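# What the coordinates show
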Amino acid sequence: MLWLFLATSVAFLQSVKDVYNKTQLKNFDEYIIGCSLTFFTALFLSPLLFFIEIPQLGNNFWLALSVSSSLNAIAYTTYLKAIKISDLSIIAPITTFTPLFLLITSPLIVGEFPNRLGIIGVLLIVVGSYLLNIKEKQRGYFAPFLAIITDKGSRLVLLVAFIWSLSSNFDKVGVQNSSPIFWGISVFFTISILLLPIVLYKSHHNLYKLKTGGWKLVIYGMINSVAMGCQMMAINLTFVAYVISVKRTSALFSVILGKIILKEKGITERFLGAAIMVFGVFLIGISQLN
């Protein structure tokens, strides 16, 4: 069960990274953090290239790399914007909508179709999203859903979840045309290159802060590189769907850390909602194996 320990470690590190995001956004904007995250992640993962065989690149590698990198560059900066303006304990669980969108995008892009378990998982995600804002029920039975739509941070994360549902399919194509480690390093380096001109244009007035606080961003990249390394090792030990399902339990860790570290309120209903959504994700993951 080493894969389960590794996948759970990925989930915990993901939530730690989100809390770190929330605190560092007081010092740096989303463009600097996004560029630093991807660059230092790729940098710390690069030594692994000495321990693997460099794969022969397939015909669709460059197309997948350009599409996935572009989509993820948008997703990372948008996700950071959402964390900046909304509570982490309500933002993180909404990322579990990605499998819901995957039930739509995967059949269109890679020809994967949902079964009964997948549909049940979708329903659980919807129920969980309702419970995230159950305190809004006093304004009407549909108020919890409307709260997700009316809150700007929640809307941004819904967009991110949809973008990830697209990029995940291209990630699959990229891995099939290279290897997991080579693909991960290639994507993170490419994203950082795409974000660099934006940083120089929109964040040049904040670059001076790197002189004193840049080391914090190095730690940020290190955390993510360890998480990515654990994820790659876990995927080599079991089914990808199992690993990703366990990884999505980061929503539970984020709700807990949001309460303990960030002193966010509404922990009870958000934890229950997040737990139900994660279980829905697990069922979707299982359904993808059938």
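See above for the structure.
Residues numbered from 1 in each chain as written. Predicted model: local features only at pLDDT ≥ 70, side-chain atom pairs only at ≥ 80, totals over all residues. Heavy atoms only, no water.

This part covers the overall build of the chain. Per the secondary structure count, the chain includes 13 helices and zero strands. Beginning at the N terminus, the succession of helices and strands in the chain can be written as α-α-α-α-α-α-α-α-α-α-α-α-α. A total accessible area of about 13,800 Å² is found for the chain, and carbon and sulfur atoms account for 70% of it. (Helix = DSSP H or I, 4+ residues; strand = E, 2+ residues; numbered from the N terminus. Areas by Shrake-Rupley, 256 points an atom, 1.4 Å probe, with all protein chains shown as cover.)

On the surface, Lys-81, Lys-152, Arg-155 and Lys-202 cluster together into a positively charged patch. Note that Arg-155 resides in helix H8 (residues 152–176). A relative accessible area of 38% places Arg-155 in the partly exposed class. (Patch = residues over 30% accessible without salt bridge, like charges linked within 9 Å, V, L, I, M, F, W, Y side chains within 5 Å. Salt bridge = Lys/Arg side-chain N within 4 Å of Asp/Glu carboxyl O. Lys, Arg positive; Asp, Glu negative; His and termini not counted. Charge placed at Lys NZ, Arg CZ, Asp CG, Glu CD. Buried < 20%, exposed > 50% of the residue type's maximum accessible area, 1.4 Å probe, protein only.)

Turning next to the side chain of Gln-14. Here Gln-14 is to be found in helix H1 (residues 2–24). Filtering out sequence-adjacent residues up to four positions away, Gln-14 remains in contact with Lys-247 and Ser-250. (Contact = heavy atoms within 4.5 Å.)

Moving on: a nonpolar patch on the surface. Judged by side-chain polarity, Ile-256, Ile-260, Ile-261 and Phe-271 come together as a nonpolar surface patch covering roughly 350 Å² of accessible area. With respect to the secondary-structure elements, Ile-261 resides in the loop between helix H12 (250–260) and helix H13 (267–287).

Moving on, we get to the packing of aromatic side chains. Counting across every chain of the model gives seven aromatic pairs. Judged by centre distance (5.2 Å) and plane angle (70°), the rings of Phe-39 and Phe-40 are edge-to-face. A residue is classified by how much of its surface remains accessible, and Phe-39, at 32% relative accessible area, is partly exposed. Aromatic pair Phe-39 and Phe-189: ring centres 6.1 Å apart, planes at 70°, arrangement edge-to-face. With Phe-39 in helix H2 (residues 30–45) and Phe-189 in helix H9 (residues 180–202), this pair connects stretches of sequence that are 150 residues apart. By relative accessible area, Phe-189 is classed as partly exposed at 28%. Members of the aromatic cluster, each reached through a chain of ring pairs, are Phe-61, Trp-62, Phe-182 and Trp-183. (Phe/Tyr/Trp six-rings, centres within 6.5 Å; stacked < 30°, edge-to-face > 60°.)

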